[in-house]
Amino acid sequence: IQVFPEDTLDQYALLLGALVGTVYDRYGEDTYSCSTRNLAVAHVATETTFDIKSQVQRFLLVFLYLSWEGESWKRSDGWLSTEPECTWYGVSCRNGEVTGLKFSNNNMVGTLVREVYFLESLEVFVVEDDALSSKLIRGQLLPEIGLLTQLKIFTGAFGLSGTLPTEIGQATLLEKFQLHSKSTLIEGTIPTEFGMLTRMEALKLFAMYLDGSVPSEIGMLTNLESLDLASNYLVGEIPSQLHSLSMLTSLEISDNQFTGTVPDISSFPDIIEFSIGRNQFISGSSLDVLWNFTNLVRVGLRNAGMQGSIPEGALGSLTNLEHLDLKNNRVDGTLPTTIGRLSRLEYLRLEKTNVYGTIPSELGLCSSLSILHLAQNRFSGVVPTELLEIPNLGKLQHRIPACWMPASLMSCFSQMKCSCTQII
């Protein structure tokens, strides 16, 4: 940093005076330090047209920009300019105070810096970069998240680590809290303080390293519509209080180590997505109740230990169904011909379900089907030629013995590995 003019030094001192005691306990850096923090202070100190409250806010944003390699962003319209910060790309305001930071696929990389928690009017914080990218916002969720008492939405594909701070319970206006990157390394338990977030509508803690049991306080979130705890290391029984969440439309708890009884789908009359598979449940409700929920789009019950039939008429009424995984449950009966009504069905897994009879030719009417697994059942007869009518047949992961296929189908499956072992 070059030598400051005297008026800039005065502004620098005023800005530090506003920062110390609020954002920082002490500052302790040389005036001409080239640290990210001091560069941000120096940049804002050169702007004399803004009041001190606005300068503090601009400092927090400039610090964020420098910490997240803003020069490499795809879009950074207005940032570091003398234009009001409320006009900068991704920033929204009300009455001059920053209420939203929202970025999508903007090539952001860096650390979730502590300073962001001091944007005291922040309501929306969204960073939706590519969840598969190595360029992610990393770091930890700090206790200071409790300072964001106006926060309503916190969501993004972060690469965070550490634990979930109990102070999150102080952000009582939260409606959506969603972390959904497979690069997230957050561990530990789910704080009971989540039960204080009674306005919560969507809670997503997907693919982390969370362990312990689900706190019963989750049952206090009576406005919750979507709960995703899938792909963690959670254990124990599902708390009975979960069945109080009558507004749930999506329940995703697959790929954990839950035991006891499977959640009763009847507790969620508006359910659309119900994925509870790949746990260690030892008992469950009947499959028969499943078919009463005609709005279902996604059903994942793999290894859920459930038993029942697939009624002829009921299956055909699930016309919105896109994903059905019943692998390793017990189906007492045949695969109904009404499956042909499921034109949106993309994914069907019925391995090890004990289903018997012939494969209905109506399966060929499932024009969206791209994944089909039917192995280790008691089917008889041959694969119907109507499967040729499925547009994505070339992508089919069929798991059907080749010896059941008529000649007209053999060429379609010639590149796939098949077994002629009789399945019982």
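Since the structure is predicted, the reported quantities are computational estimates derived from the model, not experimental observations. (Residues numbered from 1 in each chain as written. Predicted model: local features only at pLDDT ≥ 70, side-chain atom pairs only at ≥ 80, totals over all residues. Heavy atoms only, no water.)

**Q** Would you take a moment to explain the packing of helix α2 (residues 36-45) against helix α3 (residues 52-67) for this structure?
**A** Packed helices, taken two at a time, are described by the angle between their axes plus the distance between the axes. Look at α2 against α3: their axes get within 9 Å of each other, and the N-to-C directions meet at 135°. Classified by the angle between their axes, α2 and α3 sit oblique to one another. As for how α2 packs across α3, the hand of that crossing is right-handed. From α2, T36, R37, L39, A40, V41, H43 and V44 reach across to α3, where they touch Q55, R58, F59, V62, F63, L66 and S67. Tallied by class, the residues present in the contact of α2 with α3 amount to 8 nonpolar, 4 polar and 2 charged. (Axes fitted to C-alpha atoms, helices over the stretch in contact; angles between N-to-C directions. Helix = DSSP H or I, 4+ residues; strand = E, 2+ residues; numbered from the N terminus. Parallel < 35°, antiparallel > 145°, perpendicular 65-115°, else oblique. Left-handed = near helix turned anticlockwise from the far one by under 90°. Contact = heavy atoms within 4.5 Å. Nonpolar A, V, L, I, M, F, W, Y, C, P; charged D, E, K, R; others polar.)

**Q** Where do I start with the pairing of strand β13 (residues 233-237) in this structure?
**A** Looking down a regular strand, the side chains alternate between one sheet face and the other. Two strands pair when backbone bridges link them, and strand β11 (residues 209-212) and β13 are joined in this way by 2 bridges, in the parallel orientation. In the strand pairing of β13, G212 is matched with L234. Where β13 lies against strand β15 (residues 257-259), 3 bridges are found, and the strand directions are parallel. Paired with E237 across the bridge in β15 is T259. (Pairing = 2+ DSSP bridges.)

**Q** I keep staring at the state of the cysteines and nothing clicks. Help me out?
**A** In a disulfide, the sulfur atoms of two cysteines are covalently bonded to one another. For the structure shown, the criterion picks out 1 disulfide. Between C86 and C93 runs a disulfide, and the two sulfur atoms are separated by 2.1 Å. Judged by the sign of its S-S torsion, about -95°, the cystine formed by C86 and C93 is left-handed. Residue classification places C86 among the partly exposed positions, given a relative accessible area of 27%. The exposure class of C93 is partly exposed, given its relative accessible area of 27%. (Disulfide = S-S within 2.5 Å. Buried < 20%, exposed > 50% of the residue type's maximum accessible area, 1.4 Å probe, protein only.)

**Q** Sorry, what's going on with the sheet that holds strand β7 (residues 159-161) here?
**A** Pairing between sheet strands relies on hydrogen bonds along the backbone, with the strands arranged either parallel or antiparallel. What the 3 strands build is an open sheet, ordered β3-β5-β7; its pairing is parallel. The open sheet has two edge strands, β3 (110-111) and β7, and neither has a second partner. In terms of strand pairing, β3 meets strand β5 (residues 137-140) through 2 bridges, oriented parallel. Each bridged residue has a counterpart across the sheet, and for G110 the counterpart in β5 is I137.

**Q** Quick question: what am I supposed to make of helix α1 (residues 6-19) here?
**A** Within an α-helix, residues lying three or four positions from one another point in the same direction, as the helix has 3.6 residues per turn. The terminal C-alpha atoms of α1, which comprises 14 residues, lie 20 Å apart, in line with the 20 Å expected from a rise of 1.5 Å per residue. Residues of α1 that are buried include every one of T8, Q11, Y12, L15, L16 and L19, and no others. Buried residues of α1 fall within an arc of 140° about the axis and therefore sit on the same side. Looking at α1, the residues exposed on the side facing more than 90 degrees away from the buried face are E6, L14 and G17. Considering only its buried residues, α1 is in contact with α2 and α3. (Expected span 1.5 Å × (residues − 1). Arc of directions from axis to C-beta.)

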